[in-house]
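# Structural overview
Listed below are the residues making up each chain.
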Amino acid sequence: MARALDDYRALLATHGVTWGEDPIFYVKSMVTDAYLMGPRDFWGTCYRKVAERHPGAGAEELEDHLLELDMAEVVRDVLAGDLTDNLAALRLTGGGATLEARAQAVLGGRVVRTTLLVDSARDEPATVLVDGEAHEVGPHGALLIPITGGSRVAADGAEIDLAPLARPAAAARLRVRAGMPCRWSVSGAHGQGWYPEGAPHRRDALVRPYFHGDDLVLDVPAEPLAVRVWRGMEYGSAQVTVTPAAGEETLVELVPPRLYDAAARGWYGGDMHVHLNWAGDMVGTPALAAAMQHGEDLHVLNLVAGNVSSERVYDAEALEHWAGKDLPWSDATHLARIGVEYRNDLLGHFYAFAPEAPPSRFHTGFLGTADWPPNSEACEELRALGAVTGYSHPFHVPFSEQDGPRAALLWRRNCSAREIVADAALGLIDSLDVLNHSSIEATALVYRRLIGAGNRLAVTAGTDSMVSFARRGNQSSPPGWERVYARVDGPLSAAAFAEAIRRGRTFATTGPWLELSVSGSGPGDTLHLSPGDRVTITARSVGPEVERLEIRTAAGVHAEGKGGHLTVELAADRPDYVVAIASGGPHERSFHAGGAYACTSPVYLDVAGRHVARPEDVRWCLEWLDALEAMVRGEGRFESPGQLDDHLALYERARGVYRSRLI
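Just so it is clear, the model here is predicted, and its values are computed rather than measured.

Pairing between sheet strands relies on hydrogen bonds along the backbone, with the strands arranged either parallel or antiparallel. One open sheet holds the five strands; their spatial order is 13-14-12-16-17, and the pairing between them is antiparallel. Edge positions in the sheet fall to strand 13 (202–203) and strand 17 (238–242), since each has one partner strand and no second. The pairing of strand 16 (residues 225–230) with strand 17 spans five bridges and is classified as antiparallel. The residue of strand 17 that forms the bridge with Val227 is Val240. Packing of helix 6 (residues 286–295) onto the sheet brings it into contact with strand 12 (182–187), strand 13, strand 14 (209–213) and strand 16, and relative to strand 14 it is tilted by some 90°.

See below:
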């Protein structure tokens, strides 16, 4: 594994953030991530730019033209004149060249490092010299060039004064202590972040600087600093503003208040989808992952090996070494494993937690290779290796109940969980990451349809956080910003946690604690009832972000109220399920743009010996399979008719299951 990490460092040094991956648009756009943190209209800007070049083109044709875009121009146009903490701008106009920057505090003997955005409004090409190297910028073009405060920059034959990049500040030292590993944020003027020596300069989805650990010392300016501490979602935060004295060390002791203690109730929270390395602006190491897991008090961490756009599978070496074993920093309440993200961009990606050995393949369909075999074969192989599996980041674009299943199948190879409707019917998948970094709304809708159609799937959560990215929106947020909580019998172990997911004894959340009881039974349980039997349903939530509690059945919202507590009764006239949902608007405890959300797995109500199989949901799944077949026929890549036939046979088997539920 040490050799693999050295290899990754060489890839980063040679290729930058993309690590030399196949330059599809998704990979090409990685160079913009560090400069477009926060709410930015990246995709809207990209599509407007290609639409200007190709007027009258349809949506799919515009997608094909995205690779034509210059990423520096995209950064400039998305920012629309704004500047970030890690970007200065050299504006070239007919009247000359002007430098714009947010001055960064610089301690004695240090040099500011940033990126220069060259932004030309001129109708003719221009040349900018940086440390003696000529950089050509086209008419109305843009460039991104790394510089330091000691660089020499010239335009139009005149040297540019770089003094606005930095301001000298008197040095002080700050010691932060909580008595346990935590997540810390130390920021000064204009949100400038300060970090211990050697710590990655990470930013979360809310663009806050952060690092992990306890009793840490960092060099800071002798000026007002905001210091804040968190410890994952089971805690609140504590903060203070302090002005350290120049030349002295100032101690700040802060302890985040605990909101709830899941492990004390037998529940353990996990993140089923985290990458140690997956290209990036840095190399992820086990030590960094360990510090993040303990600093977030994340009980279960699934570090997945997976490819990006080529054949290389990052962290496959770690999986080979540690498959079937807890990672070295695991303890009684913190468990880490190396798992798998199996990837096909047309059919969907799914995680595998706790396989006993590496699978025979990790992906299909990349670099123009065949979309074969179906994902179902990989599901079967990984489950035979002891893994629990679930589809990840399932759906990216919101759609409504009225849109129908075809709305989820748009946009070709966007890694949506399209095959899940077949795999769920055939019992080949264990869960769905209803909590994810994409559209929770769309995923929750599909989840309700799937369980309403008679499929038994657990709710899980996977953030797709990446240790190897310090600045990439939600993917540079800390692991565990969404979690699946599973009720475990006895001590925490990989086997016990996986079994709890298989049994559906879960809820997933952006932060709130959520309980569901149906006449004393919890998520994953089945009540065997007679027609007309009544059950008492209670939902409870903990968390300041909860504004609304819902109790839902297959027919829709059965009851709703404010956060805290909700109790109702239900007459079981037909087979059904019950789930609880807690939600709220944007809140600092939620890293998801959609706000706060938590959802339980169902309590199933079998009536007169029959499982729930709502006809409307079953027909919805059948319509999905028809649309999926049409998509695979049109978009799939196959080396022989037999490969396509394997997909079609899978869908027909699933249709048979769904049709049997209509009888």
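Continuing now.
Where helix 12 (residues 615–635) meets helix 13 (residues 641–661), the axes come as close as 10 Å, and the angle between the chain directions of the two elements is 170°. Classified by the interaxial angle, the pair formed by helix 12 and helix 13 is roughly antiparallel. Side by side, helix 12 and helix 13 meet where Val618, Cys621, Leu622, Leu625, Asp626, Leu628, Glu629, Val632 and Arg633 of the first sit next to Leu644, His647, Leu648, Tyr651, Ala654, Arg655, Tyr658, Arg659 and Arg661 of the second. Considering only residue class, the contact of helix 12 with helix 13 consists of eleven nonpolar, one polar and six charged.

A few words now on the packing of aromatic side chains. Tallying each qualifying case throughout the model produces 23 aromatic pairs. Seen from their ring centres, Tyr8 and Tyr314 are 5.3 Å apart, and the 65° between their planes marks the pair as edge-to-face. Here Tyr8 is found in helix 1 (residues 2–15), whereas its partner Tyr314 is found in the loop between strand 20 (300–305) and helix 7 (316–322), with 306 residues between them in sequence. For the residue pair Tyr8 and Tyr314, the accessibility class agrees, reading buried in each case. Taking 5.2 Å as the distance between ring centres and 80° as the angle between the ring planes, the aromatic pair formed by Phe42 and Trp43 counts as edge-to-face. With a relative accessible area of 14%, Phe42 lands in the buried category. Trp43 sits in the partly exposed class, given a relative accessible area of 45%. The ring of Tyr604 carries the charged tip of Arg456 above its face, separated from the ring centre by 3.8 Å.

Inspection of the entire model under this criterion finds zero disulfides. This cysteine, Cys621, is not joined by any disulfide, and Cys379 carries the nearest cysteine sulfur, 16 Å off. With relative accessibility at 0%, the residue Cys621 sits in the buried group.

A few words now on the sheet that holds strand 29 (residues 513–518). On the basis of which strands lie adjacent, the open sheet formed by three strands has the order 29-31-34 and antiparallel pairing. A single partner strand is all that each edge strand has here, and the edge strands are strand 29 and strand 34 (565–572). The mean inter-strand angle of the sheet, taken between neighbouring strand axes irrespective of direction, is 15°. In this structure, strand 29 lies alongside strand 31 (residues 533–542), joined through six bridges in antiparallel fashion. Looking at the pairing, Val518 lines up with Ile537 of strand 31.

Attention now goes to the pattern of salt bridges. As enumerated under the stated definition, the model contains 60 salt bridges in all. Salt-bridge contacts for Glu629 lead to Arg655; the nearest nitrogen and oxygen are separated by 2.7 Å. Placement of the pair is Glu629 in helix 12 and Arg655 in helix 13, with a sequence separation of 26 residues. By relative accessible area, which is 16% here, Glu629 ends up buried. Its salt-bridge partner being Arg659, residue Glu652 comes within 2.9 Å of it at the nearest N-O pair. Since its relative accessible area comes to 39%, Glu652 is described here as partly exposed. For Arg659, a relative accessible area of 42% translates into the label partly exposed. The network of salt bridges with common partners includes Arg110, Arg173, Arg175, Arg177, Asp215, Asp219, Glu249 and Glu253.

Rules used throughout
- Residue positions within a chain follow its written sequence, with the count starting from 1.
- Residues qualify for local features only when their pLDDT is at least 70, as the model is predicted, and side-chain atom pairs are given and counted only at 80 or more; totals for whole chains, interfaces and linings, by contrast, use all residues.
- Calculation of side-chain values draws on the structure's entire complement of heavy atoms; hydrogens and water are dropped beforehand.
- When DSSP finds two or more bridges between two strands, those strands count as paired.
- For helices the rule is a DSSP run of H or I covering at least 4 residues; for strands it is a run of E covering at least 2, with both sets numbered from the N terminus onward.
- Residues count as neighbours in contact if any of their non-hydrogen atoms are within 4.5 Å of one another.
- Geometry is summarised by axes, namely lines fitted to C-alpha atoms with helices restricted to the contacting stretch, and by angles between N-to-C directions that run from 0 to 180 degrees.
- Orientation labels follow simple angle bins: below 35 degrees gives roughly parallel, above 145 gives roughly antiparallel, 65 to 115 gives roughly perpendicular, and whatever is left gives oblique.
- Just so you know the grouping, Ala, Val, Leu, Ile, Met, Phe, Trp, Tyr, Cys and Pro go in nonpolar, Asp, Glu, Lys and Arg go in charged, and all remaining residues, Gly too, go in polar.
- When the centres of two rings from Phe, Tyr and Trp lie within 6.5 Å, Trp using its six-membered ring, the rings pair. Their planes under 30 degrees apart give stacked, over 60 give edge-to-face, and anything left gives tilted.
- The classification of residues rests on relative accessible area computed with a 1.4 Å probe and restricted to protein chains. Under 20% of the type maximum is buried, over 50% is exposed, and intermediate values are partly exposed.
- Throughout this description, the term charge over a ring refers to an Arg CZ or Lys NZ atom that lies within 6 Å of the ring centre and within 35 degrees of the ring normal.
- Cysteine sulfur atoms are paired as a disulfide whenever they come within 2.5 Å of each other.
- Every case where a carboxyl oxygen of Asp or Glu lies within 4 Å of a side-chain nitrogen of Lys or Arg is listed as a salt bridge.

Shape is all these values report; function is a separate question.
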